[in-house]
Amino acid sequence: GEDVEQSLFLSVREGDSSVINCTYTDSSSTYLYWYKQEPGAGLQLLTYIFSNMDMKQDQRLTVLLNKKDKHLSLRIADTQTGDSAIYFCAESRNQAGTALIFGKGTTLSVSS
Amino acid sequence: DAMVIQNPRYQVTQFGKPVTLSCSQTLNHNVMYWYQQKSSQAPKLLFHYYDKDFNNEADTPDNFQSRRPNTSFCFLDIRSPGLGDAAMYLCATSSITGEGEAFFGQGTRLTVV
């Protein structure tokens, strides 16, 4: 099975909040990350959270971490059409500087 | 300015003909990675360099090799591309002094004909 799991699709209306969920498996991951990928492009780091934190807020983005359940979520407030992309959750396999393990990605579609 | 640069953006190669993809970085990061991403799938780590130390993933086919002649450059060599190797290849870098975040290039889309 997948190390990191995400739902594949999410559709929202412009101005609504989007919540993208992820479950991971490696409890020793020091950091957990959210990346954004637009069509035909590489991955852009959106935000990350240290494993001893429960929440991190960065402008329109809020990351929630439930370490007990190994559940990570990304909330995008006031979702815009420019937020339409694929969002990947990733865990660090060992310590910082080694390898990231990605989920399959959640395709976010924002309609106006 | 682009910090991780991959060349070319699009590469077409013939079945069985060796091909090399290039990656360069201006971040002076000591770790460089190659990921393979097929359509609608997660990026899959092929291997990475920690300075000059090469780390191969257990399930990376022997057909895939890598070279890192210096800190700035890293190459992905596919010795005999098959149709199943058509994918987006992503290069990334990270620093062990950071929070482990990886910085990605724009990717090279490989087509095998």
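First, a word on scope: everything that follows refers to the structure included in this document. (Residues numbered from 1 in each chain as written. Chains lettered and ligands numbered in written order. Predicted model: local features only at pLDDT ≥ 70, side-chain atom pairs only at ≥ 80, totals over all residues. Heavy atoms only, no water.)

1. Let's talk about the interface of chain B and chain A
In many reports, interface size means the accessible area that the parts give up when they come together. Test applied: Throughout, a residue-residue contact means that at least one pair of heavy atoms, one from each residue, lies within 4.5 Å. As a working definition, buried area equals the accessible area (1.4 Å probe) given up by two parts on being put together, with both sides summed. Only one rule defines a salt bridge in this text: a Lys or Arg side-chain nitrogen within 4 Å of an Asp or Glu carboxyl oxygen. For the purposes of these results, a polar contact is taken to be a pair of N or O atoms within 3.5 Å, where, inside protein, one atom must be able to donate a hydrogen and its partner to accept one; residues adjacent in sequence count only when each atom of the pair is a side-chain atom. Numbered from the N terminus, helices here are DSSP runs of H or I no shorter than four residues, and strands are runs of E no shorter than two. Residues were grouped as follows: Ala, Val, Leu, Ile, Met, Phe, Trp, Tyr, Cys and Pro as nonpolar; Asp, Glu, Lys and Arg as charged; and all remaining residues, including Gly, as polar.
Each partner contributes to the interface: chain B provides 23 residues, whereas chain A provides 20 residues. Around 1,700 Å² of area is buried between chain B and chain A when both sides are counted, 55% of it from carbon and sulfur atoms. Counting the contacts that link chain B with chain A gives 0 salt bridges. On the surface where chain B and chain A come into contact, there are 5 residue pairs in polar contact (both at pLDDT 80 or more). Those elements giving two or more residues to the side of chain B that touches chain A turn out to be β4 (31–37) and β9 (87–94) of chain B. For the side of chain B that touches chain A, the element with the most residues is β4(B), which contributes 4 residues. Taken together, the residues of the side of chain B that touches chain A break down into 11 nonpolar, 8 polar and 4 charged.

2. What about the layout of surface pockets?
Quick note on the threshold: Grid spacing is 1 Å over the protein atoms alone, the probe is 1.4 Å, and a cavity is where that probe fits but cannot get out, while a pocket is an open set with protein on both sides within 12 Å along at least five of seven lines and lining residues have an atom within 4 Å of a point. Grid points are joined across faces, edges and corners, and a volume is the space filled by probe spheres set on the points.
Roughly 390 Å³ of volume is contained in the largest pocket. Lining of the largest pocket is provided by 22 residues; of these, Gln37(A), Ile86(A), Gln37(B), Ser39(B) and Ser40(B) occupy positions nearest its centre. When residues of the lining of the largest pocket are traced back to their parent elements, those giving at least two are β9 (85–92) and β11 (106–111) of chain A. When residues in the lining of the largest pocket are grouped by element, the largest group, 3 residues, is from β9(A). Partitioning the lining of the largest pocket into residue classes produces 8 nonpolar, 10 polar and 4 charged.

3. Topic: the state of the cysteines
Residues and elements named next belong to chain A. Formally: For the purposes of this analysis, a disulfide is any pair of cysteine sulfur atoms at a distance within 2.5 Å. Only protein chains enter the accessibility calculation, which uses a 1.4 Å probe; a residue is then buried when its area is under 20% of its type maximum, exposed when over 50%, and partly exposed in between.
Tallied over the full model, the rule gives 2 disulfides over all chains. A disulfide bridge connects Cys 22 with Cys 89, and the sulfur atoms are separated by 2.0 Å. On the sign convention where negative is left-handed, the bridge of Cys 22 and Cys 89, at about -60 degrees about the S-S bond, is left-handed. Note that Cys 22 is positioned in strand β3 (residues 18–23) and Cys 89 in strand β9, a separation of 67 residues in sequence. As far as burial versus exposure is concerned, Cys 22 and Cys 89 are alike and both buried.

4. Notes on the environment of Thr71(B)
Residues and elements named next belong to chain B. Position of Thr 71 among the secondary structure elements: in the loop between β7 (64–67) and β8 (73–78). Considering only alpha carbons, one finds Thr 71 and Thr 111, 40 residues apart in sequence, at a separation of 28 Å. Look past the residues within four positions of Thr 71 in its chain and what remains in contact with it is Gln 25, Asn 28, His 29 and Met 32.

5. Describing the pattern of salt bridges
All names here are of chain A. In total, this model carries 5 salt bridges over all chains according to the counting rule given. Note that Asp 83 is salt-bridged to Arg 60, the shortest N-O span being 2.9 Å. Remark: Arg 60 occurs in the loop between β6 (55–58) and β7 (61–66) and Asp 83 occurs in the loop between β8 (71–76) and β9; sequence separation between them is 23 residues. Here Asp 83 falls in the buried class, since its relative accessible area comes to 7%. The class for Arg 60 is partly exposed, based on a relative accessible area of 32%. Across the salt bridge formed by Lys 68 and Asp 69, the nearest N and O atoms sit 3.6 Å from each other.

6. Topic: the sheet that holds β8(B)
As a general point, the strands of a sheet are linked pairwise by backbone hydrogen bonds and lie either parallel or antiparallel. All names here are of chain B. Formally: Pairing between strands requires that DSSP locate at least two bridges from one strand to the other. Whenever a helix is involved, its axis is fitted only over the stretch in contact; in every case the axis is a line through C-alpha atoms, and angles between N-to-C directions fall within 0 to 180 degrees.
An order of β1-β3-β8-β7 is seen for the 4 strands of this open sheet, with the pairing classed as antiparallel. Because the sheet does not close on itself, it has two edges, and the strands there are β1 (4–7) and β7. When strand polarity is set aside, the average angle formed by the axes of neighbouring strands in this sheet is 20 degrees. Relative to β8, strand β3 (residues 19–25) is paired through 6 bridges, and the arrangement is antiparallel. Bridge pairing links Ser 22 to Phe 75 in β8.

7. Here's the deal with the pairing of β6(A)
All names here are of chain A. In this structure, β6 lies alongside β7, joined through 4 bridges in antiparallel fashion. Paired with Lys 56 across the two strands is Val 63, which belongs to β7. Taking the residues that link successive antiparallel strands as the turn, the β6-β7 hairpin has 2 residues, and the phi of Gln 59 there is positive, at about 55 degrees.

8. A short note on the sheet that holds β8(A)
Residues and elements named next belong to chain A. Here 5 strands make up an open sheet; going across it, the order is β1-β3-β8-β7-β6 and the pairing antiparallel. Single-partner strands in this sheet number two, and they are β1 (5–6) and β6. For β7 and β8, the ladder comprises 6 bridges, and the chain directions are antiparallel. Bridging across to β8, Leu 64 finds its partner in Ser 73.

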